[in-house]
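Below are the chains, spelled out letter by letter.
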Amino acid sequence: SIYIIVITVMACAFFSCQRPGDTLVSAKQLVDSLPDSALNILSRIEKPEISLSKSEYALYTILKVQALLKCDSNLASAPSLSDAISYYTSKKDSGRTAEASFYAGRVAQESGDMKSAIDYYFKSKDLLTNSKDYKLQFLVRNYLGIVYSEQWLFSEEKQVYTKAFQYARLLNDTSYMVASLMGIGYAYSGLEQEDSALYYQHYALN
């Protein structure tokens, strides 16, 4: 809409005057609601691997991949997340390492490298043990379930979507609950247990 275009232009004009570190903060605030604006802002940071500190560059790579995915953009321009994973691992920041690993898994999955995607998702899942970041807990299992489904690993798919549903309920997020229930239903269908499949699909519809 015209409103969004005006906001995007104003935001880009304002943020272009900011220091790179401040620009990252602004992009982080916009990446969920206006990912295209966040992507424009991040693209204005010249030579981020040089102009940003190690901590800033680690955050930059996560935000850039996150924005690209939300905008359904080509991931050819996505920065490697290996530096972010290494940095947060060295800082013993398991939450950030889990987040970076999750997005590395998303990139691998979108690129068709399912083995690497599973490895990254498992790394993220293991790091999130006992974490109360329920949204990331859900997302890791949701996308792992998609990979399992594409690999016809229906028992594994049912297991991760069942756990994803628990986190969706903790978040009280209806869309996440529906996605989990549909995943469970599809897994039961793949296992040729159609009564259970119909039960979870009706549960999702309700």
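Owing to the predicted nature of the structure, the values given are computational and were not obtained by experimental measurement.

Enquirer: Outline the environment of Val147, listing residues and values.
Expert: With respect to the helices, strands and loops of the structure, Val147 is situated in helix 9 (residues 134–150). When the C-alpha positions of Val147 and Glu157 are compared, they lie 8.3 Å apart, and in sequence the two are 10 residues distant. Ignoring sequence-local partners within four residues, the contact set of Val147 consists of Gln109, Met114, Ala117, Ile118 and Tyr121.

Enquirer: Which residues make up unusual backbone geometry, and what are the values?
Expert: One non-glycine residue, Trp152, lies in the positive phi region at around 65 degrees. The class for Trp152 is exposed, based on a relative accessible area of 68%.

Enquirer: Which residues make up the environment of Leu127, and what are the values?
Expert: Take Leu127: it is sitting in helix 8 (residues 114–127). With relative accessibility at 27%, the residue Leu127 sits in the partly exposed group. When the C-alpha positions of Leu127 and Ser94 are compared, they lie 5.7 Å apart, and in sequence the two are 33 residues distant. Contact partners of Leu127, with chain neighbours within four places excluded, come to Ser94, Thr97, Ala98 and Ser101.

Enquirer: Mind laying out the environment of Trp152, listing which residues take part and the relevant values?
Expert: Structurally, the position occupied by Trp152 is in the loop between helix 9 and helix 10 (154–171). Residues Trp152 and Gly190, spaced 38 residues apart in sequence, show a C-alpha to C-alpha distance of 7.5 Å.

Enquirer: So what about the pattern of salt bridges? Which residues, and what values?
Expert: Side-chain pairs of opposite charge can arise whenever the charged atoms involved come near each other. For the structure shown, the criterion picks out four salt bridges. For Glu110, the salt bridge identified is with Arg106, shortest N-O distance 3.7 Å. Of this pair, Glu110 and Arg106 both sit in helix 7 (residues 94–110), separated by four residues, roughly a single helical turn. Accessibility expressed as a relative area gives 10% for Arg106, which makes it buried. Across the salt bridge formed by Asp119 and Lys115, the nearest N and O atoms sit 3.3 Å from each other. Of this pair, Asp119 and Lys115 both sit in helix 8, four residues apart, roughly one helical turn. Given the relative accessible area of 62%, Lys115 is considered exposed.

The rules behind these values
- Residues numbered from 1 in each chain as written.
- Predicted model: local features only at pLDDT ≥ 70, side-chain atom pairs only at ≥ 80, totals over all residues.
- Heavy atoms only, no water.
- Helix = DSSP H or I, 4+ residues; strand = E, 2+ residues; numbered from the N terminus.
- Contact = heavy atoms within 4.5 Å.
- Buried < 20%, exposed > 50% of the residue type's maximum accessible area, 1.4 Å probe, protein only.
- Salt bridge = Lys/Arg side-chain N within 4 Å of Asp/Glu carboxyl O.

Nothing here speaks to function; it is geometry throughout.
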